[in-house]
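# Understanding the architecture of this molecule
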Amino acid sequence: MNIMNAIKYINKVFFILLSLAFVAGCNDDNTSDLQLNGQTWLNALQLDEYQGVIDNSTKTVVVGVPVDYNTDAMKVTAIEVSDGAEASMKVGDIANFSFPQTIKVTNGDAYLDYTVTVKHDEARITSFKLNNEYTGIIDEENHSILVRVPTSIDITSLIPTVETTQGAMVSPASGQAVDFTSPVEFTVTYQSAVAVYVVTVVQSDSPSAVYVGLASSIDELNAEEKEAANWMLKNIPNAQYLSFEDVRTGRVDLNDCKVMWWHLHIDGGIDSMDKFEAAAPSAVQAVSKVKEFYENGGSLLLTRYASFYAAKLGVTKDGNAPNNCWGQSEETGEITTGPWSFFVTNHETHPLYEGVDISTIDGKKGIYMCDAGYRITNSTAQWHIGSDWGGYEDLNSWETSHGGVSLGYGGDGAVVVWEYLSSETTGGVLCIGSGCYDWYSYGVDTSADSYHGNVAKITQNAINYLTSESK
C-alpha cells in the first residue's frame, strides 16, 4: 500500500468510527440518551442531629452547632433528596466538617453540588455608634470598645446603635439611651454563645492624630484600610478617624493635631494622577484644608497610593507622583512563597526603623515585612531610578529635582520609602509605597507570621517621628 492509499484508508476508518459514535449517542428519534429530567435537590440534612439550613439558590447548607462543639467527625443523621435521586453521603457516614464538604446529588445524568459548612454559634458586636455619629473602635481580642466624642456632648444620655452577628441579641438594647459616665458592659447572646464588651467613652475636642479616609465612617473603609485605621485608633493616644469631607468642612478642630495619616488601597492599583483623582475625589476637594494643616506645621504620613497626594499638596519640587505603580485585588492576590522585604542600606539609623529587626538580605541591609503563605496584593507606588525611563537618571537627580529624600529601596533600586523634610513652618511628609507594606491578608491568619508585626512597628515609628517634626 503506497502512502496516499494509506492516508485514504485511515481517513475512511476515522469517518466510520465517528459515525458510530454519533449514532450511539442518539436514539431512533435523533434525541440524546442523557437522562436529564430528574430533579436533584437536597431537601434536608442533619449532622449529629443538628439541622442544616439549605439555600437552593446558592447550593449551600449551613449547620449551626454550639460554641465549643467538635466538628472533626460528624455523622450524617438525616438526609433527604428529590425522588429518584441519590446523594454522595448517606445516613451513618462520618466526615470531618472542620472545613466545608461537598455533597453531590445525582439523578440520572443530572447532578448538583452542595457546599456544606458547619458554623459555630457566635455572638459578636460588629459595629457600634453613639448618637448615630460617633463610631466605636472595637477591640475583639479584649472585648472592649472605645468611642471618642466632643466635650460638648452630654455623655449621661447617649443612644447606641449596635450591630451584631446574625441572630444575636444585645443588652442594653440598641436605640436605648445609656449613661456613659463610667464604662458600660454590653452583653451579646446567641444560643450557646455569650460575649461581654466593655464600652468606654472618652471626651476630646481636638485629636492628637487622625486617620483620614474617603469613607464617611471607619466601618465603610475597605478591609485593607480598615485594618490600618483600627490599628491606629487602638494604639495611638487620642487618635480619631475623619473623612476628607470632615476635614474639608472643618467638622473637627485640628489645632492640636500633629499627624494626619492616609493609607489608600485601590484593588487593581493606580498608575497615574488621572486615576488617583478619579478614585479619590473627596481628597482632591479637601486639598486646600489639608495643605493649610501642613503649612501650619502639621505632618503627613502617606502610604501606598496616598503617596500621590504629596504632589497635589504642592510638597514636591517638580510636581510629579510615583512613576512605577501597580497592584492586585484582595481576594485574588498572590500567596508569597518566601518572606518579602525592602532594603534600608545607609538608612538603618533613621527613626523610622528604630527597634525594628534589620537583616542582611542578598548582602544588603533590609527589613522583612511578611513571611511565606501571606496573601498580598503587592500594591506598589515607587520611583523608578535609571537612565532608561522615568525621568530620573540616578538617585541624586531624583532627590535634587523632585525634592524627596530616599529612605528605602526595592530589589532593583527603586525608591519605595521616602520623605519630604519639614521646614521652619511646615511639618514633614513621609511616604511608604513598598508592595510589602501591607495590613490585610485575605483569608489568611497572620497571627503566626514572623515578620508582619514590622508593618505596625514601622508605622508607629513613622507617627512618632512625624509628631516630633510637627510645629
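In what follows, the accompanying structure is described. Only a predicted model underlies this, so the values are computations on that prediction, with no experimental measurement involved.

### Side note on the sheet that holds strand S8 (residues 110-120)
- Strand order in the open sheet made by the eight strands is S5-S7-S8-S3-S2-S1-S4-S6, with mixed pairing throughout. Sheet topology places strand S5 (86-87) and strand S6 (94-95) at the edges, where each strand pairs with a single neighbour.
- Where strand S3 (residues 60-65) and S8 come together, six bridges link them in parallel fashion. Following the sheet pairing, Val63 is matched in S8 by Val118.

### Considerations on the packing of helix H2 (residues 223-235) against helix H9 (residues 453-469)
- At their nearest, the axes of H2 and H9 sit 12 Å apart, and the two run at 60° to each other. Considering the angle they form, H2 stands oblique to H9. By crossing handedness, the relation of H2 to H9 is classed as right-handed. Counted together, Trp231, Met232 and Asn235 of H2 and Ala456, Thr459, Gln460 and Ile463 of H9 form the full contact between these two elements.
- Looking at the contact of H2 with H9 residue by residue, the classes come out as four nonpolar, three polar and no charged.

### Points about the sheet that holds strand S14 (residues 169-171)
- In space, the five strands of this open sheet follow the order S11-S12-S16-S15-S14, with mixed pairing throughout. Each edge of the open sheet is held by one strand with a lone partner, namely strand S11 (137-139) and S14. The sheet shows a mean angle of 25° between the axes of neighbouring strands, direction not considered.
- One ladder, built from seven bridges, connects strand S15 (residues 184-190) with strand S16 (residues 193-203); its direction is antiparallel. Its bridge partner being in S16, Val184 is matched across the sheet by Val199.
- The strands touched by H2 within the sheet are S11 and strand S12 (144-149), with S11 carrying the most contacts at an inclination of about 85°.

### Some remarks on the pairing of strand S7 (residues 101-107)
- The two faces of S7 differ: Gln101, Ile103, Val105 and Asn107 on one face are buried, but Thr102, Lys104 and Thr106 on the other face are not.
- Two strands pair when backbone bridges link them, and S5 and S7 are joined in this way by two bridges, in the antiparallel orientation. Note that in S7 the partner of Glu86 across the bridge is Thr106.
- Pairing between S7 and S8: seven bridges, direction antiparallel. Counted as the bridge partner of Thr106 is Tyr111 from S8.
- Where S7 folds back on S8, the antiparallel hairpin that results is connected by two residues, among which Gly108 adopts a positive phi of roughly 65°.

### Structural notes on the packing of aromatic side chains
- This structure, assessed with the given rule, holds 20 aromatic pairs.
- Aromatic side chains Trp231 and Trp261 sit 6.4 Å apart centroid to centroid with 85° between the ring planes, which places their arrangement in the edge-to-face category. Of this pair, Trp231 sits in helix H2 while Trp261 sits in strand S19 (residues 259-264), placing them 30 residues apart in sequence.
- Taking the relative accessible area as the measure of exposure, Trp231 reaches 14% and is therefore buried.
- Relative accessible area serves as the criterion here: at 0%, Trp261 is assigned to the buried category.
- One aromatic cluster in this structure is built from Tyr211, Trp231, Tyr241, Trp261, Tyr437 and Trp439.
- Of note, Lys364 hangs over the ring of Phe343, and the distance from its end group to the ring centre comes to 4.1 Å.

Reading guide: rules and limits
- Residues numbered from 1 in each chain as written.
- Predicted model: local features only at pLDDT ≥ 70, side-chain atom pairs only at ≥ 80, totals over all residues.
- Heavy atoms only, no water.
- Pairing = 2+ DSSP bridges.
- Helix = DSSP H or I, 4+ residues; strand = E, 2+ residues; numbered from the N terminus.
- Axes fitted to C-alpha atoms, helices over the stretch in contact; angles between N-to-C directions.
- Parallel < 35°, antiparallel > 145°, perpendicular 65-115°, else oblique.
- Left-handed = near helix turned anticlockwise from the far one by under 90°.
- Contact = heavy atoms within 4.5 Å.
- Nonpolar A, V, L, I, M, F, W, Y, C, P; charged D, E, K, R; others polar.
- Buried < 20%, exposed > 50% of the residue type's maximum accessible area, 1.4 Å probe, protein only.
- Phe/Tyr/Trp six-rings, centres within 6.5 Å; stacked < 30°, edge-to-face > 60°.
- Lys NZ or Arg CZ within 6 Å of the ring centre and 35° of its normal.

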